[in-house]
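Close look at the chain arrangement
These are the residues of each chain, in order.
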Amino acid sequence: MSGDHIHAEPTNFFRKHVFSVDHKVIAKQFLWFGLVWLGIGGIMAMLIRWQLANPGDPVPVIGSFLFPRTGGVIDPATYNTLFTMHGTIMIFLGLTPLIIGCVGNWAIPLMIGARDMIFPLLNCLSFWTVFAGGCVGFYSLFVPLGATEAGWTGYPTLSTTVNGLGSGETLWAIAVFLIGASSIMGGINYMTTVIRLRAPGMTWGRLPLTVWGLFLTSALNVLFIPVIGSAMLLLIMDRVFGTTFFVPASIMQGGGGGDPILYQHLFWIFGHPEVYILILPAWGIIGDLLSFFARKPAFGYRAQVGAMTAVTVLSAVVYGHHMFTTGLSAMLGESFMLLTMIISVPAEILFFSWLHTIWRGNIRFTVPMLWSVGVIFVFGLGGLTGIYCATIGTDIFLHDTYFIVGHFHLTMAASALFAAFGAIVFFFPKMFGRMMSPLLGKLHFWLTIIPLVSVFCMMFVMGYAGMPRRYYDHTSMEFLASLQHMNKAATHMAFLLGSAQLIFVFNFIKSRWFGKPASTNPWEVGTLDWQTETPLPHYNFKDIPTVVTGPHEFSHPALPEGRDWISMTEELPSA
Amino acid sequence: MKLHTKMMQRLTSLWTSGITRASLGLAILCGMAPEALAGGKRWGPVPFASDFGYRFEDLFWLITWLCVGSFSIVVIMILIPSVRDRYKPGRKAHFDHGASLKDKRLATVISAATFLVLDAWVLVIAMTDLREAWWNIPESEEAGVYEVEVLAQQWAWNFRHKGADGKFGTADDILQMNELTVPNGRSVSFQGTSKDVIHSLFIPAMRFKKDFNPGDINSVWFKPITAGNYTILCAELCGYAHYQMFGELHVLESDTFDNWAADASELGVAAYDSEDTEARWAWDWKE
Amino acid sequence: MTSAAISLPKEGIKSRVNTTLGMVFFIGSWSMSFGTLFLAFAVLRQRSGVWPPVGIALPSLPMATLATAVLIASSVAFHRALQGIDAKDSNAVRADGLGLPWIIGLVTGVAFALLQGWLWMDLMAAGRNPSSGLYESLFYGLTWVHALHVGIGLLSLLWATIGLAAGRYGSHRFSTINNIVIFWHFVDVVWIVLYLAFFIF
Ligand SMILES: [Cu+2]
Ligand SMILES: [Cu+2]
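Predicted model only: the values in this text are computed from it and were never measured. (Residues numbered from 1 in each chain as written. Chains lettered and ligands numbered in written order. Predicted model: local features only at pLDDT ≥ 70, side-chain atom pairs only at ≥ 80, totals over all residues. Heavy atoms only, no water.)

We now examine the overall build of chain B. Scanning chain B from N- to C-terminus turns up 6 helices and 10 strands. Counting only residues that meet the buried cut, chain B has 46% of its 287 residues in that class. Across chain B, every contact between residues at least 6 apart in sequence was considered, and the portion connecting residues at least 24 apart equals 66%. As displayed, chain B has an accessible area near 14300 Å², and 62% of this comes from carbon and sulfur atoms. (Helix = DSSP H or I, 4+ residues; strand = E, 2+ residues; numbered from the N terminus. Buried < 20%, exposed > 50% of the residue type's maximum accessible area, 1.4 Å probe, protein only. Contact = heavy atoms within 4.5 Å. Areas by Shrake-Rupley, 256 points an atom, 1.4 Å probe, with all protein chains shown as cover.)

Before going further, it helps to spend a moment on the overall build of chain C. On a plain count of helices and strands, chain C comes out with 6 helices and 0 strands. Start at the N end of chain C and walk to the C end: the helices and strands fall as α-α-α-α-α-α. Taken across its 201 residues, chain C has 47% of its residues classed as buried. Long-range pairs, those at least 24 residues apart, make up 79% of the contacts in chain C between residues at least 6 apart in sequence. Accessible area of chain C: about 9100 Å², with a carbon and sulfur share of 70%.

Before going further, it helps to spend a moment on a nonpolar patch on the surface. Residue and element names in this part refer to chain A. A grouping of Trp32, Leu502, Val505, Ile509, Trp513 and Phe514 is seen on the molecular surface, where their side chains present a nonpolar patch of about 650 Å² in accessible area. Considering each element in turn, the nonpolar patch owes the most residues, 5 residues, to helix α17 (residues 484–514). Its location among the elements puts Leu502 in helix α17. (Patch = residues over 30% accessible without salt bridge, like charges linked within 9 Å, V, L, I, M, F, W, Y side chains within 5 Å. Salt bridge = Lys/Arg side-chain N within 4 Å of Asp/Glu carboxyl O.)

This part covers the coordination of the copper ion (ligand 1). Residue and element names in this part refer to chain A. Protein coordination of the copper ion (ligand 1) is provided by His272 (ND1), His321 (NE2) and His322 (NE2), with donor distances spanning 1.7 to 2.1 Å. Between consecutive donor residues of the copper ion (ligand 1), the sequence gaps follow H-x48-H-H. Here the residue His272 occupies a position in helix α8 (residues 260–294), and His321 occupies one in the loop between α9 (301–314) and α10 (330–342), the gap between them amounting to 49 residues. The class for His321 is buried, based on a relative accessible area of 13%. (Donors = N, O, S within 2.8 Å, 3.2 Å for Na, K, Ca; no water.)

Residue and element names in this part refer to chain B. Within the protein, Cys234 (SG), Glu236 (O), Cys238 (SG) and His242 (ND1) serve as the donor atoms for the copper ion (ligand 2), at 2.1 to 2.5 Å. Coordination at the copper ion (ligand 2) is tetrahedral, judged from the 4 donor atoms that bind it and the angles of 88 to 126 degrees they form at the metal. Here the donor residues of the copper ion (ligand 2) are spaced in sequence according to C-x1-E-x1-C-x3-H. With a relative accessible area of 4%, Glu236 lands in the buried category. (Tetrahedral: all angles 85-135°; square planar, octahedral: opposite > 155°, others 65-115°.)

This part is about the domain arrangement of chain B. Residue and element names in this part refer to chain B. Structurally, chain B comprises domain 1 (1–43), domain 2 (45–86 + 102–136) and domain 3 (146–280). For domain 2 versus domain 3, the separation of C-alpha centres amounts to 36 Å. Taken together, the contact between domain 2 and domain 3 spans 14 residues of the former and 11 residues of the latter. Summing the contributions of domain 2 and of domain 3, the shared interface buries around 1100 Å²; its carbon and sulfur component is 58%. The largest share of the area that domain 2 buries against domain 3 comes from Ala49, Asp51 and Phe52, three residues that together contribute 47% of it. The tally of links from domain 2 across to domain 3 stands at 1 salt bridge. Of the charged contacts in the structure, one is a salt bridge between Glu57 and Arg207, with a shortest N-O distance of 2.9 Å. Across the domain 2-domain 3 interface, the total number found is 9 residue pairs in polar contact (both at pLDDT 80 or more). Going through the elements one at a time, α4 (53–84) and α5 (101–134) are the ones with two or more residues in the side of domain 2 that touches domain 3. Here the element with the most residues in the side of domain 2 that touches domain 3 is α4; it accounts for 3 residues. For the side of domain 2 that touches domain 3, the class distribution of residues is 9 nonpolar, 3 polar and 2 charged. (Domains from an automatic or database assignment. Buried area = accessible area lost by both parts, 1.4 Å probe. Polar contact = N/O pair within 3.5 Å; in protein donor to acceptor, adjacent residues only side chain to side chain. Nonpolar A, V, L, I, M, F, W, Y, C, P; charged D, E, K, R; others polar.)

Attention shifts here to the packing of helix α2 (residues 61–83) of chain C against helix α4 (residues 100–125) of chain C. Each pair of packed helices can be described by the angle between their axes along with the distance between the axes. Residues and elements named next belong to chain C. Orientation of α2 relative to α4, taken along the N-to-C sense of each, is 160 degrees, at an axis distance of 8 Å. One finds that α2 runs roughly antiparallel with respect to α4. Relative to α4, the crossing made by α2 is left-handed. For the contact of α2 with α4, the residue count by class is 20 nonpolar, 4 polar and 1 charged. (Axes fitted to C-alpha atoms, helices over the stretch in contact; angles between N-to-C directions. Parallel < 35°, antiparallel > 145°, perpendicular 65-115°, else oblique. Left-handed = near helix turned anticlockwise from the far one by under 90°.)

Moving on: the side chain of Glu136 of chain C. Structurally, Glu136 of chain C is set in helix α5 (residues 134–165). Not counting the four nearest positions on each side in its chain, Glu136 of chain C is found in contact with Ile56, Arg128, Asn129, Pro130 and Gly141 of chain C.

Inspection of every chain in the model, using the stated rule, returns 88 aromatic pairs over all chains. Look at Tyr388 of chain A and Phe60 of chain B: their rings are 5.0 Å apart centre to centre, the planes differ by 50 degrees, and that puts the pair in the tilted class. Highlighted residues: Tyr388 of chain A in helix α12 (residues 367–390) and Phe60 of chain B in helix α4, drawn from two different chains. A relative accessible area of 5% places Phe60 of chain B in the buried class. Residues Trp157 of chain B and Phe212 of chain B carry aromatic rings whose centres are separated by 6.5 Å and whose planes lie at 80 degrees to one another, so their mutual orientation is edge-to-face. Here Trp157 of chain B, found in strand β2 (residues 156–161), pairs with Phe212 of chain B, found in strand β7 (residues 208–212); they are 55 residues apart in sequence, far enough to count as distant. This pair shows no difference in class: Trp157 of chain B is buried, exactly as Phe212 of chain B is. Pairwise contacts between aromatic rings join Trp32, Trp371, Phe418, Phe421, Phe428, Phe432, Phe445, Trp446, Phe504, Phe508 and Trp513 of chain A into one cluster. Above the plane of the ring of Trp565 of chain A lies Arg563 of chain A, whose end atom (NZ or CZ) is 4.4 Å from the centre. Lying across the ring of Phe479 of chain A, Arg42 of chain B places its NZ or CZ 4.5 Å from the centre. (Phe/Tyr/Trp six-rings, centres within 6.5 Å; stacked < 30°, edge-to-face > 60°. Lys NZ or Arg CZ within 6 Å of the ring centre and 35° of its normal.)

What follows is the structure, given as structure tokens:
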């Protein structure tokens, strides 16, 4: 047994389904976990939209159950809690578990030809740590002196005892810390696995782009999550032990003491890379999926890898663009503006590669393909509107307005969400042995992308019109009341978007147990994960495969008539 | 069973027809129509009333047209293959790794062009704007500069004018809450801080905002060019009543303003209470 | 069992490299974490005019120096203890590992923890607690986080000692003990930076 890395197949229920160390089970745990939190965060978004369109009206149907104290009305404190937790949940408990936890755990070992992650126990610990973080976060909603109200960014001094003594904020910080710890464990595991467990012949130049994206994300996780971890520790100490890291003495009493802006630096040193933590796997996934379904090699594979690596490096030095209005010195401001603009170069290379990947292909518009093209669309919108935010001359007006809300939802949230949906539908047949309904999938796609783009493009207009974000009620002053019609329209679209997700829930549940049985390689692609049996045996690969061909050799001229793909384990016929 | 399959097939083919999808999209967009078509609504910002306001508008629309241009290219590059290169059994896709020297050159040229057109152009204008306008905070000695100290708190704006003696922190200072009166055509220079949490002074009509942080003093300025009343907002989340932390800016023509200031300063002396330490906040103007 | 039928994976052979690589990433991550704390220290120190504050009781320099010496000694001792081991079989590891250097390392490690406790008590006795001011915030805050790692390190070392005594470490599990000692060195390095930051510069 000594050198045998593969753990034996568990026999009891707990070892098999609860505290499992098998990457396939952990991937499914992350999947369910992420979907449940996505649902909770989504309901919160709907409540936020309800309040914005109908300020002060009781929430219909579920209102009296959720907010019995106010008879179903969302009060300002609850509203602040809602958008704070919506952000925290969607980023840390919804998208991260789905696109990194689930896709990473599923795709990495299978795509590189390994039998499991390199540290299976650490993997199990990673899931249960994020689970604990989720529980703490959820519990924080119900503590007596009030839940968190300081926004997902948790800026002091609003997040310190200056604003309130509620333990909700402290619990929120603990939750973020735990979730961060989980991400670090995952990141270390992913990186070491990719470095050490690639099957023979699986060179760095043959690694599927999904794995590249996840690998780079892991590096960012390992390097930058500790920064927010420490910031959270300092915040907790300020709240619990009365230290003054972020609490300054008043100017009128001579100043001195802590510095609230220090927190903003620490938060965004992490926060900007966090954007790429979510977007890099998305880029990797669509880099692969576009090639798989256009039946063409990924255009400029090396260029894509290079661009993703460049973004990973650049992400560490641009964070100041979140702080242009805080009183950052002119020199720092200009440097951050310039550095941020440079990111558009690798981004441009990625767009160039994706668009050329589908150009002159033989495109199968399956559901994963639709989501991938959707990512190009929403990321294009989000990325381009980033120019307004990176340019100080426009950001000075647009900062902290709905323009920013529209921008980051399209860039980070929608892109990562679309890629996650694409990946779920794509990996579903291997995961559960059944196909998801393409009809419902397409309906879900169109009913998601159309309202989603409408909502967030509407927010660009609202922001340009000067509507600040995080306002409980825009009707209490004339200046904003004249913009209320846009709030109403956005809310209608948001409700449509929200209800469309029920199609996905139905499709997911129905297909999980009653879907059409899937063949071993329904998408006809060559990566190692699809060269296995369905259902997957406990050890994934009976013999570790030897890789001889790249992952994207679709429509190679040497392939025989009627076949446009080749397995990575097969030698290309010499033309 | 057979009927079921047939119905599904029907549905699928109905769905795949472009007309269905287009009309569905249209129907969804029509959901927004009632709000969109009703009159008397605002669809953009109020006209700018500060001398650097045009710089924001110009830059905003320059970026907008650049973005519309680039995004159109992306959409066209998605639409053409989506229609032309749909799957046909038996057809083989164009085999191309995009790794040839020609492709590399093309990618380099395009990304360089993007950087020069999209970024460098915007960057140069933005730098000029910043240095000539937003960051060009007028010095105290400059003629005609009007200075105001701001103390933000949960949830109100406190403004302090020098009053008749030209010094901050004296009995004749003019104190205003949630209201600010300034002379038209003169540079108004602010220094501000906060009593409790971070707030952000946002005057949309003047096209600027600045955070006021506890423990530190930040400076910001603008020069009104049109007399009138404008909204002051708080743009940084500051707690329970963040959304109600608004005030009004009155820009008065200079003679009206001088009368107002003289009266207000006298009222300030009358209302001055040396016991009230809370109301005595002020600091020496920071150069 | 199914695993009998499958071929031995290549990854098993190099497991020592694997865990060490994982440990290196862990240390990198932890360094970023402590780096953040030191960044906060540098920024806040820069902001306050007089440093260290005058006219109030400060942590004892001689005791802190002694603690530093003790912790360095502990690190050196563990390094020596590992050097003496030829990780061929578990019996040899037990015999070579559980020697005098290992015991010295363990004792000095515990001594450091006690000295750290003394430093806190001393400062508390002088009426300086975490909420007294910025200096105290930084001193208590940073040493708390460090002490947490000292605690984890000591527990792991204790666990390793028990394992050594039971002859649990042979060639393939040697990396566990190696990694624990790497972690201990890391804790040592962080303390040296802390010491330099608070007492020397
Ligand atoms: Cu950013
Ligand atoms: Cu506010």
